[in-house]
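# Descriptive structure summary
Each chain is listed here by its residues.
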Amino acid sequence: MLLLAAALLSAFQISAGVEGLPSLPLWAYTIGFGTLLVSCLMFVILGFKGLESKTVVIVSTAIPLCISLGLVSHHLPTYSTLYLIFCAFGFTATGAARFFLSGKTASLILAVVHRIAGILITAVPLVVVIK
Amino acid sequence: MAGKREIGMIQRFKNFWNKFFPLIKSLQTGLLLLTGLAGFMSARCPVLNISDLLALTGSLALAISGSTVLNMWYDRDIDAVMPRTCNRPLSTGETQPSEALVFGLILSASGIGWALFLNPLYGLIVFAGLFFDVVVYTIWLKRKTPWAILWGGISGGMPVLAGRVFGIGTVDWVGIALALGVLFWIPTHILTFSIRYHDDYQTARVPTFPGKYGFHTTRVIIAFSSVLTALSLGAASYGVGLTWGFLRLLAVLSAGLFFLAVWSLTSPSERITFGLFKYASLYMLSAMLLILFAGR
């Protein structure tokens with residue numbers, strides 16, 4: 001039920017929640033929520049075991065990166081270019097590490113990328129509210 | 001006395017229902033009916049004439065159910081040898097072949113007759129769908145060549161085209177694109193199924209793509225058909241007037257379909273293949289619901 005709810009909310013965000021935004025946040029939110037929507041559907045259909053794959057780990061990194069990019073480019077546009085570069089680098093590094101580096105290094109890079117994106121997803125709305 | 005008669009009638013109805021309802025494959029029939037409604041609503045949303053909507057629903061439901069029953073009647077010998085289908089009423093003898101044949105003919109004739117009465121062009125397309133499905137696909141080609149699914153796909157695209165034609169009175173490019181979307185979706189639907197139940201189809205000696213061309217080639221075809229499905233439904237949705245938000249949503253769902261198809265190709269497994277089958281069904285349902293409710 002939780003996964004279906006997340007999927008429906010993501011679908012709503014894609015179809016109506018981001019209307020009227022500039023290009024960069026609109027597409028960042030679309031890719032982020034889109035990946036979340038498809039991931040939730042695949043969890044429901046395939047179960048957790050079916051998603052034991054390096055590809056899944058790499059693709060799912062798009063969720064926090066893109067949603068945080070949407071938030072930054074929407075509410076803190078001054079930093080959008082810098083953060084866009086970080087997202088591109090982080091996504092590439094996560095992918096490369098999964099295939100070419102040891103498990104510990106790959107996990108460390110994944111943790112750093114997710115941590116930074118997660119902090120922004122939490123902090124940016126707070127900053128906006130406080131402002 | 002009157003009470004006992006009523007109970008008898010209810011019991012007779014229950015017996016009839018239990019005997020014949022499984023023959024219409026309610027999920028498959030329901031999805032095809034939904035495509036027909038989506039085709040109609042793509043032209044007539046908001047619906048101002050409820051009687052048109054009800055007439056379309058009734059005539060299509062009868063015609064689609066009729067063709068399904070006739071297919072099950074003809075394929076009862078195949079169904080009897082496959083573990084997946086050997087418990088169907090015709091295979092077990094619960095329903096006699098003659099009963100199923102009569103039931104299927106009555107449903108088909110009623111549906112086509114009603115459709116022709118409503119609109120000749122609409123009725124012609126409904127008839128074409130039934131003819132391609134029962135005569136061309138099931139009776140003529142299914143046991144001869146795996147390419148029969150092409151005709152299965154053409155017949156599958158007829159309900160949505162019929163619904164659109166009933167809505168606007170003519171065949172237009174949007175209707176063709178909707179029909180093509182279903183046509184290109186059918187390989188994803190059927191070929192994933194034939195991979196999962198490959199052994200069953202081999203036992204029944206039904207030619208399939210995996211049996212003739214191998215699993216890898218079949219998965220490549222599935223990936224290509226997923227792309228074509230997305231492009232066709234995307235074009236049709238644009239033509240129907242879906243807002244950019246809903247077009248983005250459809251694009252996301254299409255990307256998921258393509259991702260699963262490629263994943264099935266690069267890391268083949270039974271779980272991923274059947275996951276693709278389920279996702280493809282969910283994708284078609286979602287696309288039709290979007291066209292049904294979100295068109296301008």
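Residues numbered from 1 in each chain as written. Chains lettered and ligands numbered in written order. Predicted model: local features only at pLDDT ≥ 70, side-chain atom pairs only at ≥ 80, totals over all residues.

### What to know about the overall build of chain A
Note the cut-off: Strands here mean DSSP runs of E at least two residues long; helices mean DSSP runs of H or I at least four residues long; both are numbered from the N terminus. For the radius of gyration, the atoms used are the C-alpha atoms, and the globule rule reads 2.2 Å times the number of residues raised to 0.38. We call two residues in contact when the distance between their C-beta atoms, placed using the backbone, is within 7 Å.
When helices and strands are tallied, chain A shows 6 helices and 0 strands. Each helix (α) and strand (β) of chain A, taken in turn from the N terminus, gives the series α-α-α-α-α-α. Taking 2.2 N^0.38 as the reference for a compact globule, 131 residues should give roughly 14 Å; the C-alpha atoms of chain A span a radius of gyration of 15 Å, in line with that estimate. Viewed in the frame of its principal axes, chain A has a C-alpha envelope of about 40 × 35 × 25 Å. A separation of at least 24 residues holds for 69% of the contacts in chain A among residues at least 6 apart in sequence.

### With respect to the overall build of chain B
A tally of regular secondary structure across chain B gives 14 helices and 0 strands. Listing the helices and strands of chain B from first to last along the sequence gives α-α-α-α-α-α-α-α-α-α-α-α-α-α. The globule rule puts the C-alpha radius of gyration for 296 residues at 19 Å, and the 20 Å found for chain B is close to it. With respect to the principal axes defined by its C-alpha atoms, chain B has extents near 65 × 50 × 35 Å.

### Side note on the nonpolar core
In a soluble, globular protein the nonpolar side chains are often hidden away together inside. Quick reminder of the rule: Throughout this description, the term nonpolar core refers to a group of buried Ala, Val, Leu, Ile, Met, Phe, Trp, Tyr and Cys residues whose C-beta atoms join them within 7 Å. Each residue is classified by how many other C-beta atoms fall within 10 Å of its C-beta atom, where C-beta atoms are placed from the backbone; a count of 20 or more means buried, 12 or fewer means exposed, and values in between mean partly exposed.
Leu-37 of chain A together with Val-69, Val-126 and Ala-162 of chain B are the most contacted members of the largest nonpolar core, which totals 113 residues. Of all the elements, helix α9 (residues 173–196) of chain B adds the most residues to this core, at 13 residues. Val-126 of chain B has contacts with Ser-59, Leu-60, Ala-63, Gly-111, Ile-112, Ala-115, Met-158 and Ala-162 of chain B, leaving out every residue within four places of it along the chain.

### Some details on unusual backbone geometry
All names here are of chain B. Despite not being glycine, Lys-25 shows a phi value in the positive range, around 45 degrees. By the element assignment, Lys-25 lies in the loop between α1 (2–20) and α2 (26–44). The exposure class of Lys-25 is partly exposed, given the 18 C-beta atoms found within 10 Å. In this structure, Arg-205 is a non-glycine residue whose phi angle is positive, near 60 degrees. With respect to the helices and strands, the residue Arg-205 is situated in the loop between α10 (198–203) and α11 (209–213).

### Some remarks on the confidence of the model for chain A
Which entries qualify depends on this criterion: A score from 0 to 100, pLDDT tells how confident the predictor is in each residue.
Across chain A, pLDDT averages 88, with 98% of residues at or above 70. When pLDDT is averaged over each element of chain A, helix α4 (residues 62–75) of chain A comes out on top at 94 and helix α3 (residues 54–60) of chain A at the bottom at 81.

### A closer look at the packing of helix α2 (residues 23–46) of chain A against α4 of chain A
Residues and elements named next belong to chain A. Heads up, the rule is: Here the axes come from fitting lines to C-alpha atoms, over the contacting stretch only for helices, and the angles between their N-to-C directions go from 0 to 180 degrees. An angle below 35 degrees is treated as roughly parallel, one above 145 as roughly antiparallel, one from 65 to 115 as roughly perpendicular, and anything else as oblique. What makes a crossing left-handed is the near helix being turned counterclockwise from the far one by less than a right angle; a clockwise turn instead makes it right-handed. Just so you know the grouping, Ala, Val, Leu, Ile, Met, Phe, Trp, Tyr, Cys and Pro go in nonpolar, Asp, Glu, Lys and Arg go in charged, and all remaining residues, Gly too, go in polar.
Where α2 contacts α4, the two axes come as close as 8 Å, and the packing angle between them is 155 degrees. With respect to α4, the element α2 is oriented roughly antiparallel. Remark: the crossing between α2 and α4 carries left-handed chirality. Facing α2, whose interface residues are Leu-24, Pro-25, Ala-28, Tyr-29, Ile-31, Gly-32, Thr-35 and Leu-36, α4 presents Ala-62, Ile-63, Cys-66, Ile-67, Leu-69, Gly-70, Ser-73 and His-74. Here the residues of the contact of α2 with α4 are counted per class, giving 11 nonpolar, 5 polar and no charged.

### Points about the interface of chain A and chain B
Across the boundary between the two partners, chain A contributes 16 residues, which contact 15 residues of chain B. Listed by contribution, the elements that provide at least two residues to the side of chain A that touches chain B are α1 (2–17) and α2 of chain A. Examining the composition of the side of chain A that touches chain B, we find that 8 residues originate from one element, α2 of chain A, more than from any other. A class-by-class count of the residues in the side of chain A that touches chain B yields 9 nonpolar, 6 polar and 1 charged.

### A few points about the packing of helix α6 (residues 97–118) of chain B against helix α7 (residues 120–141) of chain B
Residue and element names in this part refer to chain B. Orientation of α6 relative to α7, taken along the N-to-C sense of each, is 155 degrees, at an axis distance of 5 Å. Here α6 lies roughly antiparallel to α7, going by the angle between them. Relative to α7, the crossing made by α6 is right-handed. Listed contacts from α7 to Ser-108, Gly-111, Ile-112, Ala-115, Leu-116 and Leu-118 of α6 are Pro-120, Tyr-122, Gly-123, Val-126, Phe-127 and Leu-130. Taken together, the residues of the contact of α6 with α7 sort by class into 9 nonpolar, 3 polar and no charged.

### Notes on the environment of Met-82 of chain B
Residue and element names in this part refer to chain B. Assignment of secondary structure puts Met-82 in the loop between α4 (76–81) and α5 (89–92). Here Met-82 falls in the partly exposed class, since 19 other C-beta atoms lie within 10 Å of it. If sequence neighbours within four positions are ignored, Met-82 has contacts with Asp-200, Thr-203 and Ala-204.

### Describing the environment of Phe-33 of chain A
All names here are of chain A. One can find Phe-33 in helix α2. With 28 C-beta atoms packed within 10 Å, Phe-33 lands in the buried category. Residues Phe-33 and Ser-80, spaced 47 residues apart in sequence, show a C-alpha to C-alpha distance of 19 Å. Those residues in contact with Phe-33, other than ones at most four positions away along the chain, are Ser-10, Gln-13 and Ile-14.

### Concerning α1 of chain A
For the record, the criterion: Here the expected length of a helix is defined as 1.5 Å per residue gap, with one fewer gap than residues.
For α1 of chain A, which comprises 16 residues, the first-to-last C-alpha distance of 20 Å sits more than 12% below the rise-based estimate of 22 Å (1.5 Å per residue). Elements that come into contact with the buried residues of α1 of chain A comprise α2 of chain A together with α13 (244–266) of chain B.

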